[in-house]
Amino acid sequence: MTIKILMDTDPGIDDAAALTMAINDPNIDLKLITTVAGNVTVDKTTINALKIVRFFNQDIPVAAGAEQPLFKDFEDAARIHGASGMPGYEFPTDLPTPLHKTAVEALHDEIMASADPITLVPTGSYTNIALLFSEYPEVKSHIDRIVAMGGALGKGNMTSAAEFNVFTDPDAAAIVYKSGIPIVMVGLDITMKALLTHESIEELPKISETGKMLHDIIINDGDNSDSGIAMHDVNTIFYLLHPEAIKTEDMWIDVVTDGPAIGETVGDIRGAYHDGKTNAKVSVDIDAVAFNKWFLEEVRAIKN
Ligand code: BDR
Ligand code: CA
């Protein structure tokens with residue numbers, strides 16, 4: 001059975017790789033892409049999403065979303081993702097036009113029109129999703145689950161406590177975690193473990209033009225270590241297709257919205273609060289070898 005998903009994204013190098021897998025894997029039916037300010041401004045993340053859609057000659061609709069977080073000042077991650085957000089490859093310039101509706105309207109319309117359960121896959125900050133729940137609470141009962149990149153039980157990548165997507169808009173993240181919808185937290189605890197190795201990255205351009213495109217943007221990622229490069233957002237798609245390769249634990253996640261720990265996702269691992277209730281499946285371990293193998297297999301299966 002195909003998994004019907006909507007992606008809310010801020011491409012972004014790893015977002016582009018996640019979109020590549022979601023667009024091309026036959027077991028995923030990507031109905032809509034919405035964009036948000038994050039790695040770079042929303043005008044750029046929207047253009048980048050359109051570039052990926054155009055690269056694969058798809059007609060998946062793209063709708064532009066929030067220009068800034070709900071309350072916090074916007075800070076981009078261009079130091080990691082480059083000024084354009086997706087550097088290193090010459091994409092076609094004849095891009096499709098985004099929808100003439102906002103991300104929130106497009107998400108609402110798609111969710112309410114769907115006869116099947118829908119999975120939301122946010123790979124940027126959760127501003128659009130929080131606005132959607134505030135403006136159209138009726139959508140909540142039509143969403144099967146949210147598989148979200150963001151957060152960490154361990155240390156952050158923006159501050160000692162906070163991961164970038166949650167740090168960007170902690171107020172939105174708090175709304176999403178209190179929404180009552182089942183959430184899978186795909187956080188740094190696994191994404192920093194399943195690095196795409198340099199061996200895998202060097203394999204990519206030998207496969208196809210898609211492999212070359214991914215290689216050329218991935219090697220521009222500013223967060224490059226000797227062991228490889230984190231493909232954070234791609235882990236959401238890997239989870240959807242191979243949940244057996246990712247270990248999760250049920251717990252309650254609270255999001256810190258001010259102070260020095262702003263953006264921290266606090267997992268109630270001792271069950272000290274919330275009367276034993278949980279609001280998330282939190283990913284805690286991953287088969288990194290299987291992730292690398294799968295990543296290359298996905299690219300090999302793409303025709304262009
Ligand atoms: C997250 O932050 C962004 O820079 C990446 O695209 C990913 O979504 C990782 O912390
Ligand atoms: Ca992202």
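What counts, and where the lines are drawn
Residue numbers here run from 1 along each chain, matching the order of that chain's written sequence. To label them, take the chains in the order written and letter them from A, then take the ligands in the order written and number them from 1. The predicted nature of this model means local features are confined to residues of pLDDT at least 70 and side-chain atom pairs, given and counted, to a pLDDT of 80 or more, with totals for whole chains, interfaces and linings taken over all residues. Remark: hydrogens and water are excluded; side-chain values derive from all non-hydrogen atoms of the structure. Helix and strand definitions follow DSSP, with helices as H or I runs of at least four residues and strands as E runs of at least two, each counted in order from the N terminus. Using C-alpha atoms as the atom set, the radius of gyration is obtained and then compared with a globule rule of 2.2 Å times the number of residues to the power 0.38. Between buried and exposed lies partly exposed: a residue is buried under 20% and exposed over 50% of the maximum accessible area for its type, with that area taken using a 1.4 Å probe on protein chains only. Residue contacts are defined here by distance: any two heavy atoms, one from each residue, within 4.5 Å place the two residues in contact. We get accessible surface area from the Shrake-Rupley algorithm with a probe of 1.4 Å; when it comes to residues, only the shown protein chains can shield them. Counted charges follow a simple rule, with Lys and Arg positive, Asp and Glu negative, and His plus the chain ends left uncounted. The location of each charge is read from NZ of Lys, CZ of Arg, CG of Asp or CD of Glu. When we say a residue is near a molecule or strand, we mean one of its heavy atoms is within 4 Å of it. Within 3.5 Å is the distance limit for a polar contact, defined as a pair of N or O atoms, with the added protein rule that one can donate a hydrogen and the other accept it, and that residues adjacent in sequence qualify only through two side-chain atoms. Any pair of Phe, Tyr and Trp rings, taking the six-membered ring for Trp, is counted once the centres come within 6.5 Å. Such a pair is stacked with planes under 30 degrees apart, edge-to-face with planes over 60 apart, and tilted for the rest. In plain words, nonpolar cores are sets of buried Ala, Val, Leu, Ile, Met, Phe, Trp, Tyr and Cys residues tied together by side-chain atoms within 4.5 Å. Water is not part of the atom set, so a site may look incomplete; the donors themselves are N, O and S atoms within 2.8 Å of the metal, or 3.2 Å for Na, K and Ca. Any two strands with at least two DSSP bridges between them are considered paired. To get an axis, a line is fitted to the C-alpha atoms, and for a helix only the part in contact is used. The angle between two axes follows their N-to-C directions and goes from 0 to 180 degrees.

Novice: Can you tell me about the overall build of the protein chain, naming the residues and giving the values?
Specialist: Broken down by element type, the protein chain carries 12 helices and 13 strands. Its C-alpha radius of gyration of 18 Å places the protein chain within 12% of the 19 Å reference for a compact globule of 304 residues. Counting only C-alpha atoms and orienting by the principal axes, one finds that the protein chain spans roughly 55 × 45 × 40 Å. Relative to its full complement of 304 residues, the protein chain shows a buried share of 56%. At a minimum sequence separation of 6, the contacts of the protein chain that also span at least 24 residues come to 82%. As presented, the protein chain carries roughly 12500 Å² of accessible surface, and 50% of it is formed by carbon and sulfur atoms. Between the mean site of the 22 positive side-chain charges and the mean site of the 46 negative ones, the protein chain shows a separation of 3 Å.

Novice: I'd like a rundown of the site of ligand 1, residues and numbers included.
Specialist: Surveying the vicinity of ligand 1 reveals the residues Asp14, Asp15, Asn39, His81, Thr123, Met149, Asn157, Glu163, Phe164, Asn165, His232 and Asp233. At 3.0 Å, a side-chain N or O of Asp15 approaches an oxygen atom of ligand 1. The contact in question runs from an oxygen atom of ligand 1 to an N or O atom on the side chain of His81, over 3.0 Å. In isolation ligand 1 exposes 280 Å². Once the protein is present, 96% of that is buried.

Novice: Any details on the packing of aromatic side chains? Residues and values, ideally.
Specialist: To describe a pair of aromatic rings, one takes the distance between the centres and the angle between the planes. With the rule as written, the count across this model stands at 8 aromatic pairs. Ring centres 4.8 Å apart and planes at 85° place the aromatic pair Phe55 and Phe56 in the edge-to-face group. Here the two residues Phe55 and Phe56 agree in accessibility, since each one is buried. Relative to Phe291, the ring of Phe238 has its centre 5.3 Å away and its plane inclined at 85°; by these criteria the two rings are edge-to-face.

Novice: Provide a residue-level description of the nonpolar core, including the pertinent values.
Specialist: If you look at soluble globular proteins, the nonpolar side chains tend to sit buried side by side. Counting residues in hydrophobic clusters, the biggest one holds 55 residues, and the most contacted among them are Ile5, Ile218, Ile237 and Phe295. Per-element tally for this core: the top contributor is helix α1 (residues 13–24), with 8 residues. For Ile5, the residues in contact, after removing those within four places along its chain, are Ala22, Ile28, Asp29, Leu30, Lys31, Leu32, Thr119, Val121, Ile237 and Leu240. With 32 residues, the next largest nonpolar core counts Leu132, Val176, Tyr177 and Val255 among its residues.

Novice: Account for the coordination of the calcium ion (ligand 2), with residues named and values stated.
Specialist: Of the protein atoms, only Asp10 (OD), Asp15 (OD), Asp15 (OD), Thr123 (O) and Asp233 (OD) coordinate the calcium ion (ligand 2), at distances of 2.2 to 2.6 Å. Site description for the calcium ion (ligand 2): donor spacing in sequence, D-x4-D-x107-T-x109-D. Here Asp10 is found in the loop between β1 (3–9) and α1, whereas its partner Asp233 is found in the loop between β9 (228–230) and α11 (234–241), with 223 residues between them in sequence. Of the two residues, Asp10 and Asp233, neither departs from the other in class, the shared state being buried.

Novice: Can you tell me about the side chain of Ser208, naming the residues and giving the values?
Specialist: Tracing the backbone shows Ser208 in the loop between α9 (198–207) and α10 (209–218). Filtering out sequence-adjacent residues up to four positions away, Ser208 remains in contact with Val299 and Asn304.

Novice: Could you give an account of the environment of Ile229, naming the residues involved and the relevant values?
Specialist: With respect to the helices and strands, Ile229 occurs in strand β9. Judged by its relative accessible area of 1%, Ile229 falls in the buried class. Sequence-wise, Ile229 and Ile201 are 28 residues apart; in three dimensions their C-alpha atoms are separated by 8.8 Å. Residues in contact with Ile229, not counting those within four places in the same chain, are Leu195, Leu196, His198, Ile201, Ile218, Asp221, Asp223 and Asn224.

Novice: Can you lay out the sheet that holds strand β10 (residues 246–251) for me, pointing to particular residues and giving the numbers?
Specialist: Ordered by their spatial adjacency, 8 strands build an open sheet running β3-β2-β1-β4-β5-β6-β13-β10, and the pairing between neighbours is mixed. Each having just a single partner strand, β3 (62–64) and β10 make up the two edges of the open sheet. Put simply, the sheet's adjacent strands are angled 25° from each other on average, direction ignored. Both β10 and strand β13 (residues 280–286) contribute to a ladder of 6 bridges, which runs antiparallel. By the bridge assignment for β13, Met251 is matched with Ala280. The sheet strands contacting helix α2 (residues 42–55) are β2 (28–35) and β3, and the helix crosses β2 at an angle near 155°. The strands touched by helix α5 (residues 127–135) are β1, β2, β4 (118–122) and β5 (143–149); relative to β4, the strand with the most contacts, the crossing angle is about 135°.

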